[in-house]
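Tertiary structure, described
Below, each chain spelled out in residue letters.
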Amino acid sequence: MSDQPISLTERPEGYSSWLSELKTRIHEAQQRATLAVNRELLLLYWQIGRDILERQAAQGWGAKVIELLAHDLRNHFPEMKGFSPRNLKYMRAFAKAWPDLEFVQAVLAQLPWYHQLALLDKLKSNEVRTWYAQKAIENNWSRNVLVMQIETRLSERQGNAVTNFEQRLPKPDSDLARESIKDPYRFDFLGLTDEAEEREIEGALIKHVTQFLLELGAGFAFVGRQVLLQVGEEEFFIDLLFYHLKLRCYVVIELKAGKFKPEHLGQLGFYMTAVDRQIKAEQDSATIGLLLCKSKDKVVAEYALGDKSQPMGIAEYKLQQALPEILETNLPSIEQIERELQGEEE
């Protein structure tokens with residue numbers, strides 16, 4: 001056995017795989033530590049908020065007790081942020097909105113305080129707050145992505161497209177596929193007018209592919225644009241091709257700049273068949289088709305899907321005005337939320 005030091009440029013056999021394993025363990029330990037710290041902070045904030053509620057109710061203390069408490073806590077813990085009067089009011093609102101400690105411990109404690117403020121400020125219903133909280137955990141959304149999803153009303157759009165997935169896909173794939181499709185899709189980030197042509201929209205979506213993938217939702221991976229299919233002696237081009245990592249299948253997306261027509265599904269179905277025969281691997285599930293159009297008659301869309309044997313969905317896209325102006329102006333910005341957490345008064 002040699003006592004000579006190992007050169008930093010040389011790696012013994014098996015060292016690289018061991019190092020990779022150690023890196024994974026360290027990252028996982030860091031994540032657990034971060035979650036543990038966040039969990040304790042959330043529970044502390046909830047307990048402070050509950051105490052304020054209970055004591056104000058029992059002792060008849062007014063709002064000024066929060067100013068007093070903020071002053072005393074900041075004097076005693078000068079190194080800690082989060083004890084501003086505004087943030088103490090958030091703690092009280094947090095405890096009032098979520099009286100069930102078990103739910104706070106099991107679900108909400110997985111999200112940082114920034115996320116909690118967004119849920120409190122931007123949503124009024126606990127049912128809807130719960131939906132967004134669970135989606136944020138499931139998809140690992142940052143607080144900015146959470147705010148964006150709330151402001152574009154994801155809960156109202158997800159699973160809202162006209163599809164035949166329930167009849168054409170086995171469970172639970174049919175439920176997952178339905179929840180993976182929205183209606184309408186919001187493409188206002190493209191900066192295009194309603195007069196934009198199909199190729200212009202398609203090109204802009206690829207230029208902004210990160211935002212496009214975010215709007216499509218978790219699980220979508222971009223495969224290509226204008227994907228060539230050679231069928232017989234002719235060439236055909238798919239507008240957009242994706243792969244869904246959870247469903248384990250290809251997703252063909254066709255864009256139509258006008259109103260939905262039943263014959264559009266014939267073209268979509270043709271492309272889906274070609275993908276199944278030429279691109280799909282044996283282990284992949286059947287290809288799914290999504291037709292995006294400027295507008296549609298829901299009844300016509302349902303009739304058109306009635307006799308289709310392939311799993312398809314039909315949804316609208318919107319290029320402008322994702323939010324009614326009156327709602328948009330009433331929503332606090334994330335910068336305002338940050339200032340509130342840090343104790344800055346407006």
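The structure reproduced in this document is the subject of the present report.

Concerning the overall build of the protein
Looking only at helices and strands, the protein features 16 helices and seven strands. A buried classification covers 41% of the 346 residues belonging to the protein. Within the protein, contacts between residues separated by at least 24 positions form 64% of all contacts whose residues are at least 6 apart in sequence. Approximately 19400 Å² of the protein is accessible, and the part contributed by carbon and sulfur atoms is 51%.

Let's talk about helix α2 (residues 64-76)
Counted at 1.5 Å a residue, the expected span for α2 with its 13 residues is 18 Å, and the 19 Å between its end C-alpha atoms agrees. If you check which residues of α2 are buried, you get I66, A70 and L73. The arc enclosing the buried residues of α2, seen along the axis, measures out at 75°, which places them on a common side. Facing away from the buried surface of α2 by more than 90 degrees, the exposed residues are K64, L68, N75 and H76.

Brief notes about the nonpolar core
Judged by nonpolar contacts, the single largest core of 37 residues is most densely connected at L88, F94, W113, L119, Y132 and L146. Within the residue set of this core, elements represented by two or more residues are α1 (15-59), α2, α3 (85-97), α4 (101-106), α5 (113-122), α6 (126-139) and α7 (143-151). Those residues in contact with L88 that lie beyond four places of it in its chain are I48, I52, I66, L69, A70, L73 and F83. Counting 30 residues, the second largest nonpolar core, distinct from the first, contains A204, C249, V251 and L290.

Things to note about a nonpolar patch on the surface
A contiguous nonpolar surface patch, about 210 Å² in accessible area, is contributed by L44, F77 and M80. Considering the arrangement of structural elements, one finds M80 in the loop between α2 and α3. We classify M80 as partly exposed; its relative accessible area is 32%.

Some remarks on the packing of α1 against α3
Where α1 meets α3, the axes come as close as 7 Å, and the angle between the chain directions of the two elements is 85°. As the angle between them shows, α1 and α3 are arranged roughly perpendicular. Within the contact between the two elements, α1 uses L42, Y45, W46, I48, G49, R50, I52, L53 and Q56 and α3 uses N87, L88, M91, R92, F94, A95 and K96. In the contact of α1 with α3, the residues fall into ten nonpolar, three polar and three charged.

About the thresholds
- Residues numbered from 1 in each chain as written.
- Predicted model: local features only at pLDDT ≥ 70, side-chain atom pairs only at ≥ 80, totals over all residues.
- Heavy atoms only, no water.
- Helix = DSSP H or I, 4+ residues; strand = E, 2+ residues; numbered from the N terminus.
- Buried < 20%, exposed > 50% of the residue type's maximum accessible area, 1.4 Å probe, protein only.
- Contact = heavy atoms within 4.5 Å.
- Areas by Shrake-Rupley, 256 points an atom, 1.4 Å probe, with all protein chains shown as cover.
- Expected span 1.5 Å × (residues − 1).
- Arc of directions from axis to C-beta.
- Core = buried A, V, L, I, M, F, W, Y, C linked by side-chain atoms within 4.5 Å.
- Patch = residues over 30% accessible without salt bridge, like charges linked within 9 Å, V, L, I, M, F, W, Y side chains within 5 Å.
- Salt bridge = Lys/Arg side-chain N within 4 Å of Asp/Glu carboxyl O.
- Axes fitted to C-alpha atoms, helices over the stretch in contact; angles between N-to-C directions.
- Parallel < 35°, antiparallel > 145°, perpendicular 65-115°, else oblique.
- Nonpolar A, V, L, I, M, F, W, Y, C, P; charged D, E, K, R; others polar.

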